[in-house]
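So you can see what is in the structure, the chains are spelled out below.
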Amino acid sequence: MSETSSPLSILNSVFGFREFRGLQREAIDHVLAGGDGLVLMPTGGGKSLCYQIPSILRPGTGIIVSPLIALMQDQVQGLRQMGVRAACLNSSLSWEEARHIEEALPQGGLDILYVAPERLLQSRFQDLLSRTRIGLFAIDEAHCVSQWGHDFRPEYTQLTVLKEQFPGVPRLALTATADTPTRADIIRNLNLESARTFATGFDRPNIRYTVVPKQNAHSQLQRFIRDNHLGESGIVYRLSRKKVEQTAQWLQDQGIPALPYHAGIPSHLRAANQDRFMNEEGIVMVATIAFGMGVDKPNIRFVAHLEPPKSMEAYYQETGRAGRDGLPADAWLTYGFGDVTLLRTMIKNSEAEERQKRVEWMKLDALLGFLEISTCRRQALLRYFGDDPGPECNNCDTCLHPVQTWDGTIAAQKALSNIFRTGARFGVGHLTDVLTGSETPTVLRWHHNHVSTFGIGTELNKKGWTSVYRQLSAMGALNVDVDSYGALKLNHKSWAIMKGQEKCMLRHDPAPISRSKTKRSSRSSTMPATEEGRTLWEALRSARLKTAEAQGVPPYAIFSDRTLLELVEFRPETLEQLPAIHGIGARKQEQYGPMIMTVLQSHTENYGRPDTIQELPDSLPATPPPSEPKELSDTAALSLGLFRKKGSVALVAEARGLKESTIYTHLEQAVELGLVDGFEVTGLPMEDLKKIETVLADFEAKAIFALKPIFEALQEKYSYAALRCVRAERKKRNR
Ligand code: ADP
Ligand code: ZN
């Protein structure tokens, strides 16, 4: 495996990424220095790098505790593609495979090992660990330690043993769930009181939130997919198994590849559907909330809800499955009056205790309020979770198509007194007939053409009144009696409105947005903009799929969509240019470079090279030598000056009040610039230097640039800093 030895160079050469995101760099440095940490980042925030890079860099193996087999396997496949020595130990392995891993572990044959918590706690495995050099422990999905959440895993609470049994090993807990009680539980139950917290907000900026009033859910869904996501992967959530089946069938009939998923489907079929969703391109999964745990497919382009979920928490979690890869994604929801009734019925009829029901009721109300707002949805979402909402997002329906509000007090009074006049025994359909003055058979049968509210609402049509009732219900200004077929009832708040004690602002439901308006003019698309570009994109996608199938891994383990998009955008012309592309590190350049170049070249032969192609982004080359500093930073110059006077790194560190490792980094730069002798910096005797040089040369000959194997080959006798200085000096002398 080819890697160099700083976090940034690993990021460039192994992962093929250009720069760190958010707090990744801080978290990595902290763990590298041996500290414990708690990483709170949203889904797609890039948590895994925070333990993967330190695992690669620290001597010994990084042990990652992870609750889900599917997730582990995905991670391991991805890492191996990059040339990282990664494995997982779980119940899905054969005895042989497990033994193989158990042998490699104590011999230092692995950079990263994923294990399930129950396995980690077995005495047999503990014994194995006691014979292994451990670089760090990472506890992924750390919220599983908390009883607050719904993913509670009892084994997680026993992970405190890690601190007791491996006191010197840094521990990193990671989660995307970060409400205060859960966070407190994680810290307490994992003994992380002295850990540093690395928290970024909850925002998922690439997800566009949209809520539309329901007219005909199926055709609205079809239009949404057709206009925005044809050929792309997505999830459609439905409330019941029956509806899942219906929608899946309906989409199939429209020629959209859709599969159903719910707990009533036999488990082998369910697994097969999930497999297809993960491994094929462009499948729409229609599912109940049974689908989701462990689904970390990065290029899910949309999550659609045809009924609202039960709470803001559920909404955030379910929509959060879209756009893990950071590319634009949609969270699209449609709902109508009937859904409110249905959800309330479900709470009412559930077996839960009264107190629990009240909590659920409140959570549903919060969600309904969110669906009806006329201001930025992202701000509302973030505010709900106690995050700083920031400025208006410009990437939600209410920002993009501002909602008009109107003083609906009089309309609300009409709508509510209509309930009163008709005896509070009817549902929305009938009530709107009365208001608009339709003489339907039901109206006539009950003589409702004679009540005082008959025909008083001609300023709105039936749809308009349905919207008024929906909004009144969402704001708690009327009750839905689920025992009498959804009859609307008045409550305290209704009377306050009818008496004129409360005003009532309502929103105009937006008209359906036409296709030309929704076209992604304001955001970078996840598909190339031109026909010619899309042809290349398809060619790259099918080459990727073929490669993935041959290896039995999902396509995204080979390359992310972003990699393919950048290939279309930048059209590298030589193998050497490939590392400038996102996601192409040294290993993938070597492994798949020729395949990519073939696709690119044959495309150019057929279609030419458009003159709009952008220049390649700057990047550090995937293979050493790393780019060289042009001049010494001020602080490095200061260290160099002191070193010349004092002659030892330790003395400089003491004088400056800095760590020795920091001084080493400064002097390393100076060595590369030829300002000081690298051998001298190490302070090592000549024979040691010769020994190090020999080993370095050996590994270089094998094209291994990682320092870890070199460090290990030298029995870990010399620090990484010393090795780097010797290497820098060698390079300089060989120039
Ligand atoms: P999380 O575990 O927090 O949900 P991941 O670690 O799976 O997120 O990362 C989400 C996506 O972002 C992945 O596709 C990953 O490869 C990518 N990614 C992570 N860090 C970076 C980075 N620094 N630069 C570019 N892409 C990144
Ligand atoms: Zn917004």
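Caption draft 1: The overall build of the protein, seen in detail. On a plain count of helices and strands, the protein comes out with 34 helices and 17 strands. Judged by the C-alpha coordinates and their principal axes, the protein covers about 110 × 65 × 55 Å. Counting all 735 residues of the protein, 53% fall into the buried class. The contacts of the protein with a sequence gap of at least 6 include a subset with a gap of at least 24, amounting to 71%. Surface exposure of the protein reaches about 32,500 Å², of which carbon and sulfur atoms provide 52%.

Caption draft 2: Representation of the sheet that holds strand S12 (residues 300-305). Taken together, the 6 strands give an open sheet; going across it, the order is S8-S13-S12-S9-S11-S10, and neighbouring strands pair in parallel fashion. Of all the strands in the sheet, the pair left with one neighbour each is strand S8 (207-213) and strand S10 (258-261). Here the average twist between neighbouring strands, direction ignored, is 15 degrees. Note that S12 and strand S13 (residues 329-335) share 4 bridges and pair parallel. Looking at S13, one finds that His-305 is bridged to Leu-333. Its contacts with the sheet place helix H11 (residues 241-253) against strand S9 (233-237), S10 and strand S11 (284-287), and it is angled at close to 170 degrees to S10. In the packing of helix H12 (residues 267-279) onto the sheet, contacts are made with S9, S10, S11 and S12, and the angle to S10 comes to roughly 140 degrees.

Caption draft 3: Focus on the side chain of Glu-668. Position of Glu-668 among the secondary structure elements: in helix H30 (residues 660-672). Residue class for Glu-668 comes out buried when judged on its relative accessible area of 13%. In contact with Glu-668, not counting residues within four places along its chain, are Arg-724 and Cys-725.

Caption draft 4: The arrangement of the coordination of the zinc ion (ligand 2) in detail. Distances from the zinc ion (ligand 2) to its protein donors, Cys-376 (SG), Cys-393 (SG), Cys-396 (SG) and Cys-399 (SG), fall at 2.3 to 2.4 Å. What the 4 donor atoms of the zinc ion (ligand 2) show is an angle range of 102 to 120 degrees at the metal, which sorts the shape as tetrahedral. Looking at Cys-376, the relative accessible area reads 2%, which means it is buried. For Cys-399, a relative accessible area of 15% translates into the label buried.

Caption draft 5: Region of interest: the pattern of salt bridges. With the rule as written, the count across this model stands at 38 salt bridges. For Arg-171, the salt bridge is made with Asp-36, and the minimal N-O distance between the two is 3.5 Å. In this pair, Arg-171 is assigned in strand S6 (residues 171-175) and Asp-36 in the loop between helix H2 (24-32) and strand S1 (37-40), connecting sequence segments 135 residues apart. Both residues of the pair, Arg-171 and Asp-36, count as buried. As a salt-bridge pair, Arg-571 and Glu-532 come within 3.0 Å of each other at their nearest N and O atoms. Placement of Arg-571 in the loop between helix H26 (561-570) and helix H27 (586-607) and of Glu-532 in helix H24 (residues 531-551) is noted, with a sequence separation of 39 residues between them. Overall, Arg-571 belongs to the buried group, its relative accessible area being 7%. Linked by salt bridges that have partners in common, Glu-281, Glu-538, Arg-541, Arg-544 and Asp-561 make up one network.

Caption draft 6: Region of the structure containing the sheet that holds S6. An order of S3-S4-S2-S5-S6-S1-S7 is seen for the 7 strands of this open sheet, with the pairing classed as parallel. Each edge of the sheet is formed by a strand with only one pairing partner; in this case those strands are strand S3 (86-89) and strand S7 (196-199). Ignoring strand direction, the axes of neighbouring strands in this sheet form an average angle of 20 degrees. Bridging between strand S2 (residues 61-65) and strand S5 (residues 134-139) involves 5 bridges; their strand directions are parallel. In the strand pairing of S5, Ile-64 is matched with Ala-138.

Caption draft 7: Looking closely at unusual backbone geometry. In this model, Arg-571 sits at a positive phi of 45 degrees, which is unusual for a non-glycine residue. Phi at Gln-715 is positive, roughly 55 degrees, even though this residue is not glycine. With respect to the secondary-structure elements, Gln-715 resides in the loop between helix H33 (707-713) and helix H34 (720-734). A relative accessible area of 65% means that Gln-715 is categorised as exposed.

Caption draft 8: Representation of the site of ligand 1 in the model. Close contacts around ligand 1 come from 15 residues, with Glu-19, Gly-44, Lys-47, Ser-48 and Arg-324 the closest. Within the backbone of Gly-44, a nitrogen or oxygen atom sits 2.6 Å from an oxygen atom of ligand 1. At 3 residues, helix H3 (residues 47-57) tops the list of elements feeding residues into the shell around ligand 1.

Caption draft 9: Molecular detail of helix H21 (residues 462-474). For H21, with 13 residues, the first-to-last C-alpha span of 18 Å sits near the 18 Å given by 1.5 Å per residue. With 10 of 13 residues buried, H21 lies mostly within the body of the structure. Of all the positions in H21, only Gly-464, Trp-465, Ser-467, Val-468, Tyr-469, Arg-470, Gln-471, Leu-472, Ser-473 and Ala-474 are classed as buried. Two residues or fewer past H21, Gly-476 is found with a positive phi of approximately 75 degrees.

Caption draft 10: Seen up close, the packing of helix H18 (residues 409-421) against helix H19 (residues 428-436). It is at 10 Å that the axes of H18 and H19 come closest, and there the two elements cross at 110 degrees. Between H18 and H19, the angle falls in the class roughly perpendicular. Of the two elements, H18 crosses H19, and the hand of that crossing is right-handed. Where H18 approaches H19, its residues Lys-414, Ala-415, Asn-418 and Ile-419 are matched on the opposing element by Leu-431, Val-434 and Leu-435. Along the lines of polarity and charge, the residues of the contact of H18 with H19 split into 5 nonpolar, 1 polar and 1 charged.

Caption draft 11: Layout of the packing of aromatic side chains. Applying the stated criterion across every chain yields a total of 16 aromatic pairs. For the pair Phe-15 and Phe-17, a centre-to-centre distance of 6.1 Å together with 40 degrees between the ring planes defines the contact as tilted. Between the aromatic rings of Phe-137 and Phe-166, the centroid separation amounts to 5.2 Å while the plane-to-plane angle is 55 degrees, which identifies the pairing as tilted. On the criterion of sequence distance, the pair formed by Phe-137 in strand S5 and Phe-166 in the loop between helix H8 (161-165) and S6 is long-range, its members being 29 residues apart. Here Phe-137 falls in the buried class, since its relative accessible area comes to 0%. Taken together, the ring pairs in this structure connect Phe-202, Tyr-316, Tyr-384 and Phe-385 into an aromatic cluster. Lying across the ring of Phe-370, Arg-377 places its NZ or CZ 5.6 Å from the centre.

Rules behind the numbers
- Residues numbered from 1 in each chain as written.
- Chains lettered and ligands numbered in written order.
- Predicted model: local features only at pLDDT ≥ 70, side-chain atom pairs only at ≥ 80, totals over all residues.
- Heavy atoms only, no water.
- Helix = DSSP H or I, 4+ residues; strand = E, 2+ residues; numbered from the N terminus.
- Buried < 20%, exposed > 50% of the residue type's maximum accessible area, 1.4 Å probe, protein only.
- Contact = heavy atoms within 4.5 Å.
- Areas by Shrake-Rupley, 256 points an atom, 1.4 Å probe, with all protein chains shown as cover.
- Pairing = 2+ DSSP bridges.
- Axes fitted to C-alpha atoms, helices over the stretch in contact; angles between N-to-C directions.
- Donors = N, O, S within 2.8 Å, 3.2 Å for Na, K, Ca; no water.
- Tetrahedral: all angles 85-135°; square planar, octahedral: opposite > 155°, others 65-115°.
- Salt bridge = Lys/Arg side-chain N within 4 Å of Asp/Glu carboxyl O.
- Near = heavy atom within 4 Å.
- Polar contact = N/O pair within 3.5 Å; in protein donor to acceptor, adjacent residues only side chain to side chain.
- Expected span 1.5 Å × (residues − 1).
- Parallel < 35°, antiparallel > 145°, perpendicular 65-115°, else oblique.
- Left-handed = near helix turned anticlockwise from the far one by under 90°.
- Nonpolar A, V, L, I, M, F, W, Y, C, P; charged D, E, K, R; others polar.
- Phe/Tyr/Trp six-rings, centres within 6.5 Å; stacked < 30°, edge-to-face > 60°.
- Lys NZ or Arg CZ within 6 Å of the ring centre and 35° of its normal.

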